[in-house]
Amino acid sequence: MWLNVQQSFGPIYFDKVGLVFKKGEIRLTPKFVIDASRFILSLNGLYISTPLVDFNPDFNLDGFGLELKTRSLEIGGAFLVVQGEDGEKNYNEYLGTATIGFRKRIGPALALSAIGSFTNYDDSKKFALFLYVAADYPFGGPPFFFVLGLSGGFGYNHDLIVPPLEDIKEFPLVKEAIDGPKKIDPKDTGTIITEKLEALDEYIPPAIGSGFGAIGLKFTCFKIVDGFGLMTLGMSQGDFEINLLGMATLMLPTTINLGRFEPIAMAELAIAARFNPMEGVILVQGQLTENSYIFSRKCRLTGGYAYGLWFLPPRLGDFVFTQGGYHPRFKCADRYPSVPRLGFDWQIDENSYTTAQVYFALCGHGIMAGGLMHIRYQLGSVWAEFDAGLDLLFGWAPYHYDVEVHCFVNAGIGALSVGLGMGIHFWGPDFGCKFKIKIVIVKVTIKIGDQSSIYPLPISWDEFEGTFLPEPKDVCSITSIDGLVKQILEEQDGVETEIWIINPTVFEMSTDSLIPTKKALVEETEQTIDTNTNFGINSMGVTTGDLDTTHKVTIRKEQADNIKNKFKFEPITKLAPTSTWGEPKISKGHIKPPEVNGEQFLENVFFGFRILPAEPPKAGKTHEIGVKELQYDTEAIDDAYLWEYLTPFIQDSTLETEEAKRDRIQNTVANNDQRNSILEALGCDLSEVNLEEAEAIAKSFVFAPLVK
């Protein structure tokens, strides 16, 4: 039950008072705001409760909002406590957001905004802490990179979930810095914090054992491009990741007051880069947001780019680079980022629509590129359209190309239509072509060239070796992974030989080959490697059954037999591209190119050995020394130290010039009784001391020293 008061008592304004009776407990909930001059305080979730039969008052406050204004300072804040309910959470979370603005009569003023939380776990002494602060101020810099703001923060026992590319602008750490400090209404604390809480729970949830740091920069480039970049470093148990997130906005014109007119063009680009050494992936992406347009907001710009590199098994060697996406029939692997077409979509009016798109992609399969242009006009049931497209697919050796082009014009009334169109499909390098022509409802196919040459012929070994492999001596290699102490080059018969000095306690080596292997030998003994052997040589037309490859390791030691038992050999597997090592598909003596949606890599293929000691070297054992041998007695010695006082060095005052000092050195350096007595005491033969070059010694000083 609520009782409306709506009265002021001095600085306190009472809005209403609530009274609740539930489960034998009575609760009084006052709603009021304290407004004293330039200070406003609003309490959220304040109530007093007590059992009806036993007066034992309990006070509760969920949060509060405040505002303070002075001539030079403005402070606003909202704070809230979120408690777990029905066992869903085992922690209480204290959240807050605040803004601080400094006022100046002339020039820009510094403004700060912050968001943070503190989490206290009920079932342990652990806690979580998160804080992020953004400063809005023109710090300065060159025109092409003028800094407008800084931001930074950290999370302890908080996870950081990076949003997808299209949601970067709403990511709390990006949004807080780009939007800058906003006025906080102290009377609306609950709504403000609830919005912040939802975003934090989605992207920065409490997580024991995790943590992150973040630093951001807001800038402008010649006041044409406004940008913000945020670098984050996330850590958890067994994982480490670096992310770079950013937004860049271009708007033209930038300074003209257009009134009711909008800028002629706007491009807003979201950027994300990810590096995870534990997963072995580097991924860079960029994509235009839905706010990008040209001429009119109805003419929306689209497009993006992506680069991915995988450097750890099982995807070692995989890569992709694309602008505008992939071939329309390419079934993108889950690990490859989805990228929209580069182009525009323009709904000119209710009757007219046009779109243009282009794309390019490079991956282990080959190169894909193409584009599309489509125009349509419809007035009632009468319609007309134009459509043209191009799709290209280029494969590696054996070099081949496959190009499809189409263009048609259709017009009609309802379901009835007439049209004129042409499609061209050509391939090579033995050129072949098909024309498909449509006139109204008649279709004609024209074939030109060798139709069987749509697929390339196998190449020879010499061509394959010259295209894909280095010099024979460089096909196989051996690398010291650990334990290499020194490398020595020794020349024998005019040939330099490299000798390695290895520390046996941390010894580890690896062999590698550019050719995948089906059989592995150590000396003459075959090793069990349990790897994928279903590969051939695609460009040569060599099938799995016709290909036999062997990887052999030989270890020798002078006057020693069976040395191989001193080592253990672990297989090293990688990805093998199907365009090179895949099972060829033969059609009438020609090689079919890999399918657009086919596997691009063969997994678990043997390429080398990891060589380790069979048994770790045994630690050396020292002789036992009895305690008796280490026992001793001390003996006091009187006058054990003899203190000697040295006469201070005093320069000969008559030697005032550089030349005079050098002459003194030249005349005395060869004969020095004090030096001779020290040398004799050390057992030196004075006849072997040669100081005949006295003049050279005197001139060797850059500045003449002090001389007696």
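Residues numbered from 1 in each chain as written. Predicted model: local features only at pLDDT ≥ 70, side-chain atom pairs only at ≥ 80, totals over all residues. Heavy atoms only, no water.

The geometry of an aromatic ring pair comes down to the distance between the two centres and the angle between the two planes. Under the defined criterion, the tally for this structure stands at 21 aromatic pairs. Where Phe321 meets Phe360, the ring centres are 6.3 Å apart and the plane angle is 65 degrees; that geometry is what we call edge-to-face. Here Phe321, found in strand S21 (residues 319–323), pairs with Phe360, found in strand S23 (residues 352–363); they are 39 residues apart in sequence, far enough to count as distant. A residue is classified by how much of its surface remains accessible, and Phe321, at 29% relative accessible area, is partly exposed. Grouping aromatic residues by their ring pairs yields a cluster made of Tyr94, Phe118, Phe127 and Tyr156. Lying across the ring of Tyr336, Arg335 places its NZ or CZ 5.1 Å from the centre. (Phe/Tyr/Trp six-rings, centres within 6.5 Å; stacked < 30°, edge-to-face > 60°. Helix = DSSP H or I, 4+ residues; strand = E, 2+ residues; numbered from the N terminus. Buried < 20%, exposed > 50% of the residue type's maximum accessible area, 1.4 Å probe, protein only. Lys NZ or Arg CZ within 6 Å of the ring centre and 35° of its normal.)

Right, let's talk about the pattern of salt bridges for a bit. The tally for this structure, following the rule as stated, stands at 18 salt bridges. Glu67 serves as the salt-bridge partner of Lys69, at 4.0 Å between the closest nitrogen and oxygen. Owing to a relative accessible area of 29%, Lys69 belongs among the partly exposed residues under this scheme. According to the relative accessible area criterion, Glu67 is buried, its value standing at 9%. (Salt bridge = Lys/Arg side-chain N within 4 Å of Asp/Glu carboxyl O.)

With that settled, consider a positive patch on the surface. A contiguous patch of positive charge, built from Lys434, Lys436, Lys438, Lys443 and Lys447, is present on the exposed surface. Looking at the positive patch, the elements that each hand over two or more residues are strand S28 (432–439) and strand S29 (442–449). The leading source of residues in the positive patch is S28, at 3 residues. Looking at the secondary structure, you find Lys436 in strand S28. By relative accessible area, which is 53% here, Lys436 ends up exposed. (Patch = residues over 30% accessible without salt bridge, like charges linked within 9 Å, V, L, I, M, F, W, Y side chains within 5 Å. Areas by Shrake-Rupley, 256 points an atom, 1.4 Å probe, with all protein chains shown as cover. Lys, Arg positive; Asp, Glu negative; His and termini not counted. Charge placed at Lys NZ, Arg CZ, Asp CG, Glu CD.)

For the rest of this paragraph, the subject is the sheet that holds strand S37 (residues 567–577). Pairing is antiparallel across the open sheet formed by 4 strands, whose spatial order is S30-S33-S40-S37. Both outer strands of the open sheet, strand S30 (476–482) and S37, are each paired with one neighbouring strand and no more. Strand-to-strand twist of the sheet, defined as the mean angle between neighbouring strand axes without regard to direction, takes the value 25 degrees. (Pairing = 2+ DSSP bridges. Axes fitted to C-alpha atoms, helices over the stretch in contact; angles between N-to-C directions.)

Here we come to the environment of Ala273. Summarising the element assignment, Ala273 is placed in strand S16 (residues 265–276). As a C-alpha pair, Ala273 and Leu244 span 29 residues in sequence and 4.9 Å in three-dimensional space. Once residues within four sequence positions are removed from consideration, Ala273 is found in contact with Ile242, Asn243, Leu244, Leu283 and Val284. (Contact = heavy atoms within 4.5 Å.)

This brings us to the pairing of strand S26 (residues 400–413). Strand direction decides the pairing type here: strand S25 (residues 382–395) and S26, joined by 14 bridges, are antiparallel. The partner of Leu392 across the bridge, within S26, is Val403. As paired elements, S26 and strand S27 (residues 416–428) share 13 bridges and run antiparallel to each other. Following the sheet pairing, Phe408 is matched in S27 by Gly421. Between S26 and the antiparallel strand that follows it, S27, lie 2 residues; Gly414 among them carries a positive phi value of about 65 degrees.

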